[in-house]
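Residues per chain are reported as follows:
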Amino acid sequence: MGKIIAVALPKGGVGKTTTAVNLAFALALKKRQTLLIDLDPAGCCSSSLGFNKEKINGDMFDVFNFSKSLLHVIQKTDQENLSFIPLKNLNYKDEVRLSKLATNQALLRNVLRAEAHSFDFIIIDTPPYLIGLTTDALIAADSVLVPVITGKFSMDAVDKILEHMDYIKRNFNQHLAVEGILMSNYEYNAKVSFTAKKELYAKYPDLILRTVIPKNVAIVEATFYNKPSIKHNPSAKSSVAYLQLADEIIEKNLFGYYQVLTDIDVKDTIREK
Ligand SMILES: Nc1ncnc2c1ncn2[C@@H]1O[C@H](COP(=O)(O)OP(=O)(O)OP(=O)(O)O)[C@@H](O)[C@H]1O
Ligand SMILES: [Mg+2]
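Read on for an overview of the structure.

Definitions and cut-offs
What you see as residue numbers is a count from 1 along each chain, following the sequence as written. Note on labels: chains are lettered from A, ligands numbered from 1, in written order. Only residues with pLDDT of at least 70 are given local features in this predicted model, and only at 80 or more are side-chain atom pairs given and counted; all residues enter the totals for whole chains, interfaces and linings. Here the side-chain values reflect all heavy atoms present in the structure, with hydrogen atoms and water set aside. Near, as used in this document, describes a residue that has one of its heavy atoms within 4 Å of the molecule or strand being considered. In protein, a polar contact requires one atom able to donate a hydrogen and another able to accept it; more generally it is a pair of N or O atoms within 3.5 Å, and residues adjacent in sequence count only if both atoms are side-chain atoms. For the area figures, the Shrake-Rupley method with a 1.4 Å probe applies, and any residue is considered shielded solely by the protein chains shown. Two kinds of site are reported from a 1 Å grid over the protein atoms alone, namely cavities, where a 1.4 Å probe fits but cannot get out, and pockets, open sets with protein on both sides within 12 Å along at least five of seven lines, and residues are called lining when an atom falls within 4 Å of a point. The rule for placing a molecule in a cavity or pocket is simple: more than half of its atoms must lie within 2 Å of the grid points. Numbering of helices and strands starts at the N terminus; helices are DSSP runs of H or I of at least 4 residues and strands are runs of E of at least 2. Each residue receives one of three labels: charged for Asp, Glu, Lys and Arg, nonpolar for Ala, Val, Leu, Ile, Met, Phe, Trp, Tyr, Cys and Pro, and polar for the others, Gly being one of them. Each helix should span, by expectation, one fewer than its residue count multiplied by 1.5 Å. Only protein chains enter the calculation, and the probe is 1.4 Å; a residue is then buried if its accessible area is under 20% of its type maximum, exposed if over 50%, and partly exposed in between. Contacts are assigned to residue pairs with any non-hydrogen atoms lying within 4.5 Å of each other. For this count, His and the chain ends are skipped, Lys and Arg are scored as positive, and Asp and Glu as negative. Only one rule defines a salt bridge in this text: a Lys or Arg side-chain nitrogen within 4 Å of an Asp or Glu carboxyl oxygen. Grid points are joined across faces, edges and corners, and a volume is the space filled by probe spheres set on the points. Strands are treated as partners if at least two bridges between them are detected by DSSP.

### What to know about the site of ligand 1
Working step 1: Around ligand 1 sit 17 residues, and of these Gly13, Lys16, Thr17, Thr18 and Asn216 come closest.
Working step 2: Glycine 15 has a polar backbone atom sitting 3.0 Å from an oxygen atom of ligand 1.
Working step 3: Summarising the interface, the protein chains cover 77% of the accessible area of ligand 1, which totals 620 Å² for the free molecule.
Working step 4: When each cavity is represented as a set of grid points, ligand 1 is found to reside in the largest pocket.
Working step 5: Secondary-structure elements contributing two or more residues to the shell around ligand 1 are helix 1 (16-29), strand 8 (208-214) and helix 10 (217-224).
Working step 6: Looking at the shell around ligand 1 element by element, the count peaks at three residues for helix 1.
Working step 7: The class makeup of the residues in the shell around ligand 1 is six nonpolar, seven polar and four charged.

Written out as structure tokens, the structure reads:
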């Protein structure tokens, strides 16, 4: 089973969707079998990948509704190694229904573990609130990637997600870890960014990722072309940063892998003696 990473923060507009889409795309470019799952009823991942939501036959709603299996709603994308499960535009009635279905909190975890073995990474985009689908994602995930922008409300929301993770760990998923806090949409020339960065390092010294995603107009431009920004403008500083983020995450998880091997080697050596 690959690694399931939920991209989450209970605050809108911090770069969750941008990060989920570009990170998934970057991991696929780096030859990792990657599945991107849209769990936000706003359904923005589809347009970022150039999918016409009306033409998609099968989505996460069908999975929660037990009308289709996970394998039947996985869409191939134009990018080699990248698959996608969308969430279509829901009308009010379906959105209410989905919020009720989402109270089946272990469903996502169970279907992913049963049917998504073949992926190296599963990246889940979540909505900007904790209840319902975000909670389901955290119960299903191995780790949480937390994008944060330099603003008081966004930084306060980090405490909120960490507190919620503690609750999830105590009650449902004891191994849930923080993949890292990602400074996104970072303005290198603004003093406030530096102040926020200092505050984040002071508060969560071990949780901040090395990679910083700069604020870059290439990201906004790409949304108008319905493409991930890495594809639309691969040389933009933000695209390079997302590729670095993929490297950092691959490296972190390789280390974990080798760490396990080393532990096994050590145990074997002890046993042999
Ligand atoms: N590095 C960046 N540089 C410039 N613009 C960015 C950057 N990252 C994100 N944006 C823009 O900021 C806006 C919010 O980003 P995004 O939709 O990814 O946030 P979100 O956390 O998913 O929001 P929501 O919680 O509402 O789903 C978008 O218009 C996006 O294009
Ligand atoms: Mg979003």
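### With respect to helix 8 (residues 152-171)
Working step 1: The terminal C-alpha atoms of helix 8, which comprises 20 residues, lie 29 Å apart, in line with the 28 Å expected from a rise of 1.5 Å per residue.
Working step 2: All of the buried residues along helix 8 are Ser154, Met155, Ala157, Val158, Ile161, Leu162, His164, Met165 and Ile168.
Working step 3: Buried residues belonging to helix 8 abut helix 7 (133-140), strand 6 (143-148), strand 7 (177-186) and helix 9 (191-203).

### Observations concerning the side chain of aspartate 40
Working step 1: Here aspartate 40 lies in the loop between strand 2 (34-38) and helix 2 (44-49).
Working step 2: Comment: no salt bridge for buried aspartate 40; closest opposite-charge side chain is lysine 16, at 6.5 Å.
Working step 3: What aspartate 40 contacts, discounting residues up to four positions off in sequence, is Leu87, Asp125, Thr126, Pro127 and Pro128.

### Section: the layout of surface pockets
Working step 1: One number sums up the size of the largest pocket: a volume of about 370 Å³.
Working step 2: Surrounding the largest pocket, 22 residues form its lining, Gly13, Val14, Gly15, Thr18 and Asn185 being those nearest its centre.
Working step 3: When residues of the lining of the largest pocket are traced back to their parent elements, those giving at least two are helix 1, strand 7, strand 8 and helix 10.
Working step 4: Across the lining of the largest pocket, the residue classes tally to nine nonpolar, ten polar and three charged.

### Digging into the sheet that holds strand 3 (residues 75-76)
Working step 1: Spatial strand order, 3-4-2-5-1-6-7-8: eight strands in an open sheet with mixed pairing. On the outer flanks of this sheet lie strand 3 and strand 8, each paired with one strand and no other.
Working step 2: Across five bridges, the pairing between strand 2 and strand 5 (residues 121-125) is parallel. Pairing of leucine 35 across the sheet is with isoleucine 122, part of strand 5.

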